Amino acid sequence: MASQQSVLTDLSQTLRETTGTTVVDAHAAGLHLAGNDQWSVSRRMLHEGPSDGVEVVNLCNGPLTVSILPTRGMGIWKAEYRDIPVGWNSPNRFPVHPHYVNLQSRNGLGWLDGFNELLCRCGLAFNGPPGTDEDAVSPIESEITLHGRIANTAAHHVSVSIDDSGDGTISVRGEVDETTLFGPKLRLVSTVSSVAGSNGFTIVDEITNMGAAETELQLLYHTNIGQPFLEGNAQFLCPIKEACPRDAHAAEGIDEFGRYLPPTPGYAEQAYFFDLLADDRGESLALLHNAAGDRGFSVRFDRQQLPCFTLWKCTQAEEDGYVTGLEPGINYPNFKADERRLGRVPRLAPGDTYRTSLSFEIHDSAESVSAVAGRIRDLQASAEPTIHREPVKPFCP
Amino acid sequence: MASQQSVLTDLSQTLRETTGTTVVDAHAAGLHLAGNDQWSVSRRMLHEGPSDGVEVVNLCNGPLTVSILPTRGMGIWKAEYRDIPVGWNSPNRFPVHPHYVNLQSRNGLGWLDGFNELLCRCGLAFNGPPGTDEDAVSPIESEITLHGRIANTAAHHVSVSIDDSGDGTISVRGEVDETTLFGPKLRLVSTVSSVAGSNGFTIVDEITNMGAAETELQLLYHTNIGQPFLEGNAQFLCPIKEACPRDAHAAEGIDEFGRYLPPTPGYAEQAYFFDLLADDRGESLALLHNAAGDRGFSVRFDRQQLPCFTLWKCTQAEEDGYVTGLEPGINYPNFKADERRLGRVPRLAPGDTYRTSLSFEIHDSAESVSAVAGRIRDLQASAEPTIHREPVKPFCP
Amino acid sequence: MASQQSVLTDLSQTLRETTGTTVVDAHAAGLHLAGNDQWSVSRRMLHEGPSDGVEVVNLCNGPLTVSILPTRGMGIWKAEYRDIPVGWNSPNRFPVHPHYVNLQSRNGLGWLDGFNELLCRCGLAFNGPPGTDEDAVSPIESEITLHGRIANTAAHHVSVSIDDSGDGTISVRGEVDETTLFGPKLRLVSTVSSVAGSNGFTIVDEITNMGAAETELQLLYHTNIGQPFLEGNAQFLCPIKEACPRDAHAAEGIDEFGRYLPPTPGYAEQAYFFDLLADDRGESLALLHNAAGDRGFSVRFDRQQLPCFTLWKCTQAEEDGYVTGLEPGINYPNFKADERRLGRVPRLAPGDTYRTSLSFEIHDSAESVSAVAGRIRDLQASAEPTIHREPVKPFCP
């Protein structure tokens, strides 16, 4: 007896392969970056299953590779630093083409069918839970589906630039339009950049109102981390002015909000809203680190630009999606009409641009984790945190 | 310091390039058309952003190029006559693949997310505003979304033919099926043709009931023009038997319905319904011309086939979509159940075909504009127009 | 006068061509199968119209070719045995890419827009008519659309294997994930296999709960046959323990449920639910044969795995879709909440797998048809059938 097997399609294998077509590298560009010379930018188009038509752009600075999804609104699918995977294992295992995501389905929760990124934006015209926004200006804007449209909208322009000043910086820039006749006309220009050889990357987003009328903006950076940063007794740290549980269920965990359970089948998600302290330049930050304190993931951002920070704890079983979210935002992920009433839905005048900047770092030593934790402690020293034990206004509606 | 930039994706640039793969031209066909020998038909597949998977077929007769979108139900994306662009600037800047258009979204107004054509069909089983058609034969047919499905349905057969009789005619023919089990089974066969060297093109559509039961048909040609034809003091002309404002807001503008404002931020759309006069052969027509009267766009059609003419005025800011619609139709774009009650939803017997024919011309001289305006005046001479100052039956429900 | 025609796109012609890229055959594999050496597996990607992006894998065992659609959840588009087409003519003429199917549309009946297969699965988390499942665990699971999601979900892994033991077996295996965060996490692994030179094929499906919580499963094999098996006076045969009409309309036809009308314009579908008899090994079967009794299509399956058999009679006009469905299932296609109440929605524990196996045969001689009919008669001899003349519990809610 003999047998033979041929594999026609294997999306998992495709995704394990890290490269694609090289767009530019030190060899091709003749630009030697002082920070590291093993940098490159490559692209690949996926053709299999639910990922058919999804493009991945890999920005590699040497030790760090950031995988960007222009097809999914310039979201960051995942990253890898040295051999440490940065991201989480969603039950949606593969990058999902937007055409497989019906935002209306599952009672307006269809966004979840495509959700598996390290970072995806919730917005731009709306985010938060689904429902009917009775205060919207028209039926075109009143139908709210979970977390908005931008993460399932494809970039129409993508470019790469390399700058050799200092250690050298590699950037990928994308433009995504969330526009419609008689509705919002918002353009996202996102630039993901990384210094050669560094342990981090920066996102600078500019959202412009392309229309002739004022328009509303909602934006939250759903930044999602699983193992090996998240584990039992992992810690979340941030400099707190005020903190508030999202709901009664989160209130039950208020004493422990900074500490994580191991994967826990049946765990029901908990979320906490924060008003963070910032330094003299207005910068704030947050850190997740593992139990041993030798692996961490941090985010820094301008508190003026992103005044609302949300912590999402979702430490369910690994196979259900063991994850926590560090989510700087313009708003909290309450229903849009509530956020509007609470004064957290800014309006952009025609031609105006809202700018955000966030820097992410991966820490792979106790020293590096300690340095960030120390900075958070120093900021905290300036003020006693107010921890609300129950949902209160203005955090909650 | 040195830097380097690479563009990975640029949909705007792709769309600015006018050619693609040549399907046929004088050289390839060995057919020299008397009207002009610089004709060609080319095709291209777009791969970027929201246009990924959209095919464009360019029919070029020499001075005039008509860009057809088989992927979007044989709609006419845009045209160009000599150097004059014919179309408008929708906030949806790019041809949108149907899979990015969820007709149900935005409270049934999702069709707007893909709307940017010079000409798109509203139909075939239904058009007009969204809602629940209580008089429909089944739940499969009762859910009405804005302007129907045909503009977001892809052609399964496309062919080109060249005929050298007379000045020579170039034609692109496409078949699009709007069918479903237990529901309507309508086939559109559309032929877009143009005489070599001419300033116009003709659309002949045949819609056939492929099913074994009678079925309803709604069809309106949403023909949309912006600058440089539309501008402040541009004029709309047609030979009027009766005219009627669509609603109270349109009634406010009844005295000025034929004259246009310049781009006007905040302008709220107005629509007018017409019963037009026709010549002895049954042909009627309408004209839009610029303020100086030296640029115009006209449409001629058979008033028997297309008895309902709608004028759509949408002179909002250019960045919001400054546009007017000249819309011959089988019906007015009222809610389908109302149109049915008013006797304007024809039923096709099994195997029956409804045929329409429309001719569009671009006028780039005062003489050419005057000739059409004169023809309209001559037709008007036969009857005093009845202008209703308020919405009345049978135009409005 | 001269003219010239070029075809740019012709999906019908593409689909008439039976081959694609050969993946493996006797020549390439060097494996000579005793049953037949004219076997092969080929694949092709469709690029036209509504089929753009749909992959077809043809499993050919010599006389029989089975066309599998990995892009449509490993459904069987059609088969051909010698020169006999096996399948039906849906008004949806072409394989429809899932992105053209909005399951929510048409009041939750949008699934019909893509339905044209010989065999498609209804499930996995739900099937049956649309509605709101008030007993669902969350809003993510309460929105039920017709016949579920699996038939419009693409396989992420597809492989072929050839085994030369016995007459030799050719298999195509695909994996399809129906998963979402906070919802069901079901994986289908389907293996379609056929013995070289034989008149049939087998489907073995394994559905595994990939999540950490119990989850529900619904599954029905919508197996659809038209001409030349179905015709006036064609017969349906099965070994009946109990039979029950689905509704009052089906009850009107109860005396004739096993006999078919010729194509009948205006025929309204009728469905019958069966509890079938099985042999000592638990195997049951059903047969459709033509009027002359010399062409038949049969299905065998394990009654323990698939306890609910539904017969769907839809003998409307050929152009509307003249078809009958032989539908083994875990459940009857009643509304999910009703099936749950009636105890027919199994729950899978974390990691558990539900296994089904079905064998289909095409019979092209009176002898072959008679043999199957005889086997059904023999099984029927063991028990008097109970034929309910009206809908009754527990078949109907």
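Residues numbered from 1 in each chain as written. Chains lettered and ligands numbered in written order. Predicted model: local features only at pLDDT ≥ 70, side-chain atom pairs only at ≥ 80, totals over all residues. Heavy atoms only, no water.

Visitor: Looking at this model, I keep getting lost on the pairing of strand β25 (residues 353-363) of chain A. Mind explaining?
Guide: Put simply, side chains in a regular strand alternate between the two faces of the sheet. All names here are of chain A. Here strand β14 (residues 200-209) pairs with β25 via 9 bridges, running antiparallel. Residue pairing in the sheet places Gly200 in a bridge with Glu361 of β25. Judged from the 6 bridges that link them, strand β21 (residues 296-302) and β25 form a sheet pairing that is antiparallel. Opposite Val299, over in β25, you have Phe360 as the bridge partner. (Pairing = 2+ DSSP bridges. Helix = DSSP H or I, 4+ residues; strand = E, 2+ residues; numbered from the N terminus.)

Visitor: What is the right way to read the interface of chain C and chain B from this model?
Guide: How big an interface is tends to be reported as the loss of accessible area on association of its parts. In this assembly, 38 residues from chain C lie in contact with 44 residues from chain B. With both chains or domains summed, chain C and chain B bury close to 3500 Å², and 52% of this area falls on carbon and sulfur atoms. At the surface where chain C touches chain B, the tally comes to 21 residue pairs in polar contact (both at pLDDT 80 or more). Sorting the residues of the side of chain C that touches chain B by element identifies β1 (3-10), α3 (105-108), β22 (308-315) and α6 (318-321) of chain C as the ones contributing at least two each. At 8 residues, the largest contribution of residues to the side of chain C that touches chain B is made by β1 of chain C. (Contact = heavy atoms within 4.5 Å. Buried area = accessible area lost by both parts, 1.4 Å probe. Polar contact = N/O pair within 3.5 Å; in protein donor to acceptor, adjacent residues only side chain to side chain.)

Visitor: Explain the interface of chain A and chain C here, please?
Guide: Opposite the 38 residues of chain A that make contact, chain C presents 44 residues. When residues of chain A are sorted by the area they lose upon contact with chain C, Gln4, Leu8 and Arg106 of chain A head the list and together hold 22% of the total. If you look at where chain A meets chain C, you find 3 salt bridges. Between Asp113 of chain A and Arg149 of chain C there is a salt bridge; the shortest N-O distance is 2.5 Å. Run the count over chain A and chain C and you get 20 residue pairs in polar contact (both at pLDDT 80 or more). Within the residue set of the side of chain A that touches chain C, elements represented by two or more residues are β1 (3-10), α3 (105-108), β22 (308-315) and α6 (318-321) of chain A. If you tally residues by element for the side of chain A that touches chain C, the top one is β1 of chain A, at 8 residues. Classifying every residue of the side of chain A that touches chain C by side-chain character gives 16 nonpolar, 14 polar and 8 charged. (Salt bridge = Lys/Arg side-chain N within 4 Å of Asp/Glu carboxyl O. Nonpolar A, V, L, I, M, F, W, Y, C, P; charged D, E, K, R; others polar.)

Visitor: What exactly am I supposed to notice about the packing of aromatic side chains here?
Guide: Here the distance between the centres and the angle between the planes together describe a pair of aromatic rings. In the structure shown here, the tally under the stated rule is 42 aromatic pairs over all chains. Centre to centre, the rings of Phe257 of chain B and Tyr272 of chain B are 5.7 Å apart; their planes meet at 40°, and the pair counts as tilted. Linking Phe257 of chain B in the loop between α5 (248-252) and β19 (270-276) with Tyr272 of chain B in strand β19, this pair joins segments that are 15 residues apart in sequence. Across the pair, exposure class does not vary: Phe257 of chain B and Tyr272 of chain B are buried alike. By the ring-pair criterion, three or more aromatic residues cluster together here, those being Phe236, Phe257, Tyr272, Phe274, Phe301 and Phe309 of chain A. Directly above the ring of Trp77 of chain B sits Lys78 of chain B, whose terminal nitrogen or CZ lies 4.3 Å from the centroid. In this arrangement the basic side chain of Lys313 of chain B is found over the ring face of Tyr260 of chain B, its NZ or CZ atom lying 5.1 Å from the centre. (Phe/Tyr/Trp six-rings, centres within 6.5 Å; stacked < 30°, edge-to-face > 60°. Buried < 20%, exposed > 50% of the residue type's maximum accessible area, 1.4 Å probe, protein only. Lys NZ or Arg CZ within 6 Å of the ring centre and 35° of its normal.)

Visitor: Looking at this structure, how should I read the relation of the copies chain A and chain C?
Guide: Applying a rotation about an axis and a shift along it to one chain copy brings it onto the other copy. Once chain A is rotated about the relating axis by 120° and shifted along it by 0.0 Å, it coincides with chain C to within an RMSD of 0.0 Å. Here the two chains are linked by the operation of a three-fold rotation axis. Closest to the rotation axis within chain A is the C-alpha of His99 of chain A, separated from it by 3.2 Å. The two copies present different faces, since only 8% of the interface residues in chain A are matched by interface residues at the equivalent positions in chain C. (Least-squares fit on C-alpha atoms with pLDDT ≥ 70 in both.)

Visitor: Explain the sheet that holds strand β20 (residues 283-289) of chain C here, please?
Guide: Remark on secondary structure: sheet strands pair via backbone hydrogen bonds, oriented parallel or antiparallel. The antiparallel open sheet is built from 9 strands, whose spatial order is β1(A)-β11(C)-β12(C)-β13(C)-β14(C)-β25(C)-β21(C)-β20(C)-β17(C). One side of each edge strand has no neighbouring strand; the edge strands of this open sheet are β1 of chain A together with β17 (235-237) of chain C. For this sheet, the mean angle separating the axes of adjacent strands, direction not counted, is 15°. As paired strands, strand β12 (residues 169-179) of chain C and strand β13 (residues 185-195) of chain C are joined by 11 bridges and run antiparallel to one another. Paired with Asp177 of chain C across the strands is Arg187 of chain C, a residue of β13 of chain C. Against the sheet, helix α8 (residues 366-380) of chain C contacts β17, β20, β21 (296-302) and β25 (353-363) of chain C, and its axis sits at roughly 135° relative to β20 of chain C. (Axes fitted to C-alpha atoms, helices over the stretch in contact; angles between N-to-C directions.)

Visitor: Hey, could you run me through the sheet that holds β14 of chain A in this one?
Guide: Spatially, the 9 strands line up as an open sheet ordered β17(A)-β20(A)-β21(A)-β25(A)-β14(A)-β13(A)-β12(A)-β11(A)-β1(B), and their pairing is antiparallel. Every other strand in the sheet has two partners, leaving β17 (235-237) of chain A together with β1 (3-10) of chain B as the edge strands with one partner each. Neighbour to neighbour, the strand axes of the sheet diverge by 15° on average, direction disregarded. Helix α8 (residues 366-380) of chain A rests against β17, β20 (283-289), β21 and β25 of chain A of the sheet, and its axis sits at about 135° to β20 of chain A.

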